[in-house]
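Chain by chain, the residues:
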Amino acid sequence: MSESIHPSAPHHLPSFITAPGDTDVLMVAVGIFLIVAVLAVGNFYLHLHSLPERIAHKSQKFQFEIVAVLGLLSLFTHNHLFWVMGLFLAMIDLPDFSTPLRRIAGSVEKMAGVPPEPDPTEAPVGDTAHAVATGEAKARIEKAGGAKSEVHSHA
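Within every chain, residues take consecutive numbers counted from 1 along the sequence as written. In keeping with the model being predicted, local features are shown solely for residues with a pLDDT of at least 70 and side-chain atom pairs are shown and tallied solely at 80 or more, while totals for entire chains, interfaces and linings include all residues. Side-chain metrics rest on all non-hydrogen atoms present in the structure, leaving aside hydrogens and water.

S.K.: Is there a simple way to explain the overall build of the protein in this structure?
M.R.: Helices and strands together make up the secondary structure of the protein, namely six helices and zero strands. Numbered from the N terminus, helices here are DSSP runs of H or I no shorter than four residues, and strands are runs of E no shorter than two. Across the protein, helices and strands are ordered from the amino to the carboxyl terminus as α-α-α-α-α-α. Residues are treated as being in contact if the distance between any of their heavy atoms lies within 4.5 Å. Across the protein, every contact between residues at least 6 apart in sequence was considered, and the portion connecting residues at least 24 apart equals 44%. Throughout, the Shrake-Rupley method with a 1.4 Å probe supplies accessible areas, and for residues the shown protein chains are the sole cover considered. Split by element, the accessible area of the protein, about 13,700 Å² in all, is 69% carbon and sulfur.

Here it is as structure tokens:
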């Protein structure tokens, strides 16, 4: 038996029409394209969303943390105002007020003859670090032992 085409059917069918039981190549290609497009748009969105944080990364730590929090708020609340505020804050270069004030305070202490306090952001160096650690350890032992730390002799 030979298959004959119905007389009212067109003699030339488009290439995207497949025979029954064959694989639909166009559907597979569109499916792959759709998956790649969704992943590309998602990647672009996340890259664009992290723009304020990448800009603020070069600035001060406090400014970077505020921009990062604003970015997370905008991501989870879908409120774009937080993202815009983070972008503006990242583009503004905030002046450093703490360093000149710390230097002025150190100079005034030096003129007054008061020994300057160690900078809390810097770790102690050398024997000073060991002495500080030993002193803290002794203070903790005395505080924990209290009156029991005294040694009584039975002689």
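S.K.: Where do I start with the packing of helix 3 (residues 61-77) against helix 4 (residues 80-91) in this structure?
M.R.: Axes are the key here: two packed helices are described by the angle between their axes and the distance separating the axes. Note on definitions: angles span 0 to 180 degrees between N-to-C directions of axes, and those axes are lines fitted to C-alpha atoms, for helices only across the stretch in contact. Where helix 3 meets helix 4, the axes come as close as 8 Å, and the angle between the chain directions of the two elements is 160°. Here helix 3 lies roughly antiparallel to helix 4, going by the angle between them. Crossing angle aside, the handedness with which helix 3 passes helix 4 is left-handed. Touching Gln 63, Ile 66, Val 67, Leu 70, Leu 73, Ser 74 and Thr 77 of helix 3 are Phe 82, Trp 83, Met 85, Gly 86, Leu 89 and Ala 90, all from helix 4. The labels follow the angle: roughly parallel below 35 degrees, roughly antiparallel above 145, roughly perpendicular from 65 to 115, and oblique for the rest. Helix crossings are classified by the rotation of the near helix relative to the far one: an anticlockwise turn of less than a right angle makes the crossing left-handed, while a clockwise turn makes it right-handed.

S.K.: What exactly am I supposed to notice about helix 4 here?
M.R.: Working note: α-helix, 3.6 residues per turn, so residues spaced by three or four point in the same direction. Taking 1.5 Å per residue, twelve residues should reach 16 Å; helix 4 reaches 17 Å between its end C-alpha atoms and fits that length. Considered for burial, the residues of helix 4 that qualify are Gly 86, Leu 87, Leu 89 and Ala 90. For helix 4, the angular spread of the buried residues around the axis is 165°, confining them to a single face. Among the exposed residues of helix 4, those oriented more than 90 degrees off its buried face are His 80, Leu 81 and Met 91. Multiply 1.5 Å by the residue count of a helix minus one, and that product is the helix's expected span. Here's how the labels work: a residue is buried when its accessible area is under 20% of the maximum for its type, exposed when over 50%, partly exposed in between, all with a 1.4 Å probe on protein chains only. Here the arc refers to the directions that run from the helix axis out to each C-beta atom.

S.K.: What am I meant to see in unusual backbone geometry here?
M.R.: One non-glycine residue with positive phi stands out, namely His 78, at about 60°. When you line up the elements, His 78 lands in the loop between helix 3 and helix 4.

S.K.: Is there a simple way to think about the confidence of the model for the protein in this case?
M.R.: Caution applies to low-pLDDT regions: their predicted coordinates should not be interpreted in detail. pLDDT runs from 0 to 100 and stands for how confident the predictor is about each residue. Considering every residue of the protein, the mean pLDDT works out to 79; 74% of them sit at 70 or more. Put simply, helix 6 (residues 126-145) is where the protein has its lowest mean pLDDT, 60, and helix 1 (residues 25-49) is where it has its highest, 95.

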